[in-house]
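Chain residues, written in single-letter form:
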Amino acid sequence: MVNTFEKILILGGYSGITQAVLNLLAKDGLKFYLVGRQIDKLNIVRDHILTLANCKVDVESFDLTRIEEHRDLLERVLKTMNGLDLLFVCYGVLPNQLELEQEPEKAFENYQVNAISAINFVSHAANYFEKRQSGTIAVVSSVAGDRGRKTNYFYGSAKSCLDTYLEGLRHRLYGKNVRVVTIKPGTVDTPMTAHLERKVLVASAEQVGKDIVRAIQKGTDVVYTPWYWKYIMWAVKCIPRKLFYRTNF
């Protein structure tokens with residue numbers, strides 16, 4: 001069964017992945033509410049959506065680390081759109097692993113942005129959807145959360161925390177007509193990863209966006225994107241510890 005949505009809230013309204021998803025979701029009559037820190041970027045995305053479809057797009061500049069204000073933000077969204085069908089969470093930071101190893105006190109932002117803030121807002125939205133007995137929550141995590149690796153374990157541990165939370169939430173909402181979709185991309189060619197050395201397994205935002213929309217519409221529990229990351233990470237998780245510790249990735 002393909003799910004349809006009319007009222008969509010997006011946290012991370014101008015990320016590269018979000019823009020690819022919006023290009024596929026935008027249809028006449030839909031309502032979008034985009035949230036992000038920089039209002040100028042949100043306005044650019046809004047104007048672009050309006051060239052694609054005759055829909056309603058509201059934007060709000062908001063720092064999602066202000067978790068004490070999440071409840072109020074959700075209430076504004078619900079009032080503006082008269083309800084909510086889909087929450088799509090797609091924001092984060094990619095910390096410098098070596099810097100955090102030397103100055104671990106700087107790791108707070110990584111966990112606050114990549115795990116705590118997302119978990120807090122999703123929890124408020126989950127209560128709304130559970131009470132209504134319908135809705136979809138889709139959250140972009142990362143393959144980095146599947147196993148701790150020396151090259152990115154600060155980032156990976158935040159995503160692992162998020163993954164475990166989403167799995168528990170999915171368990172809680174099972175049978176209540178609320179879907180929880182965990183999206184696990186590999187490296188995606190977006191501004192967040194622009195500083196990284198390019199390697200062969202870098203996917204385009206457009207490719208990942210197609211996988212995300214398909215997963216959201218079907219209500220898939222967990223999706224790896226592109227598809228081959230499911231098998232790569234399965235192999236990585238199967239490597240015995242003593243052998244794994246000798247690797248350099």
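This section reports on the structure supplied with the text. Just so we're clear, the structure is a prediction, and the values are computed from it rather than from any experiment. (Residues numbered from 1 in each chain as written. Predicted model: local features only at pLDDT ≥ 70, side-chain atom pairs only at ≥ 80, totals over all residues. Heavy atoms only, no water.)

**Overview of the packing of aromatic side chains**
Working step 1: Evaluation of the coordinates by the stated rule reveals 7 aromatic pairs.
Working step 2: Seen from their ring centres, Tyr-228 and Trp-229 are 6.3 Å apart, and the 40 degrees between their planes marks the pair as tilted.
Working step 3: Owing to a relative accessible area of 22%, Tyr-228 belongs among the partly exposed residues under this scheme.
Working step 4: On the basis of relative accessibility, which here comes to 11%, the residue Trp-229 falls in the buried class.
Working step 5: Taken together, the ring pairs connect Trp-227, Tyr-228, Trp-229 and Tyr-231 into an aromatic cluster.
Working step 6: Cation over ring: Arg-147 sits above Phe-244, and NZ or CZ is 3.9 Å from the ring centre. (Phe/Tyr/Trp six-rings, centres within 6.5 Å; stacked < 30°, edge-to-face > 60°. Buried < 20%, exposed > 50% of the residue type's maximum accessible area, 1.4 Å probe, protein only. Lys NZ or Arg CZ within 6 Å of the ring centre and 35° of its normal.)

**Observations regarding the packing of helix α1 (residues 16-25) against helix α2 (residues 39-52)**
Working step 1: Packing of α1 against α2 leaves a shortest axis separation of 10 Å and a crossing angle of 20 degrees. With respect to their mutual orientation, α1 and α2 come out roughly parallel. The two elements α1 and α2 cross, and the hand of that crossing is right-handed. Along its contact with α1, which presents Gln-19, Leu-22 and Asn-23, the element α2 presents Val-45, His-48, Ile-49 and Leu-52.
Working step 2: Considered class by class, the residues forming the contact of α1 with α2 number 4 nonpolar, 3 polar and no charged. (Axes fitted to C-alpha atoms, helices over the stretch in contact; angles between N-to-C directions. Helix = DSSP H or I, 4+ residues; strand = E, 2+ residues; numbered from the N terminus. Parallel < 35°, antiparallel > 145°, perpendicular 65-115°, else oblique. Left-handed = near helix turned anticlockwise from the far one by under 90°. Contact = heavy atoms within 4.5 Å. Nonpolar A, V, L, I, M, F, W, Y, C, P; charged D, E, K, R; others polar.)

**Structural notes on the sheet that holds strand β3 (residues 56-61)**
Working step 1: Sheet architecture is open: 7 strands sit in the order β3-β2-β1-β4-β5-β6-β9, paired in parallel fashion. A strand with exactly one partner marks an edge of an open sheet, and here the two such strands are β3 and β9 (222-225). The mean inter-strand angle of the sheet, taken between neighbouring strand axes irrespective of direction, is 15 degrees.
Working step 2: Of the strand pairs in this sheet, strand β4 (residues 86-89) and strand β5 (residues 135-140) are connected by 4 bridges, and their pairing is parallel. Bridging across to β5, Phe-88 finds its partner in Ala-138.
Working step 3: Running over the sheet, α2 touches β2 (31-36) and β3 and is turned about 175 degrees from β3. (Pairing = 2+ DSSP bridges.)

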